[in-house]
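Breakdown of the fold
As a plain string of letters, each chain reads:
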Amino acid sequence: MAEQLMFYTTAGCHLCEQAEEILRRVAAEQPALRWIPVDISDDPALVDAYGLRIPVIKVADRAQDLGWPFDEATVKAYLSQAQG
């Protein structure tokens, strides 16, 4: 995967912990998968954009993101759309 995957999260978010575990399982099958955790609480604009939707993953430089709830199949589909 050439694109950067942003993982919008915040401390103490149990759904974010579940989402990160899903990302780990997907990465076990796609070793090139890397993500950058972004704590939305550090930026009011990110709180406005994602505060009610976290966890959210987004391929950098792509308009579409993937908000919770998602599972491994949904993440894989999102990533393959990003590559295509």
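Parameters and conventions
- Residues numbered from 1 in each chain as written.
- Predicted model: local features only at pLDDT ≥ 70, side-chain atom pairs only at ≥ 80, totals over all residues.
- Heavy atoms only, no water.
- Salt bridge = Lys/Arg side-chain N within 4 Å of Asp/Glu carboxyl O.
- Helix = DSSP H or I, 4+ residues; strand = E, 2+ residues; numbered from the N terminus.
- Buried < 20%, exposed > 50% of the residue type's maximum accessible area, 1.4 Å probe, protein only.

Time to look at the pattern of salt bridges. All told, the structure shown has 6 salt bridges when counted by the stated rule. Of the charged contacts in the structure, one is a salt bridge between Arg-24 and Glu-20, with a shortest N-O distance of 3.6 Å. With Arg-24 and Glu-20 both in helix α1 (residues 14–29), this residue pair falls 4 residues apart, about one helical turn. Judged by its relative accessible area of 44%, Arg-24 is partly exposed. Glu-20 gets classed as partly exposed once you look at its relative accessible area, which sits at 23%. Taking the shortest distance from any N to any O, the salt bridge between Lys-76 and Glu-29 comes out at 2.6 Å. Pair noted here: Lys-76 is in helix α3 (residues 72–83) and Glu-29 is in helix α1, with a separation of 47 residues, a long-range link. The class for Glu-29 is exposed, based on a relative accessible area of 51%. In the salt-bridge network here, residues are joined through shared partners; they are Glu-20, Glu-21, Arg-24, Arg-25 and Glu-72.

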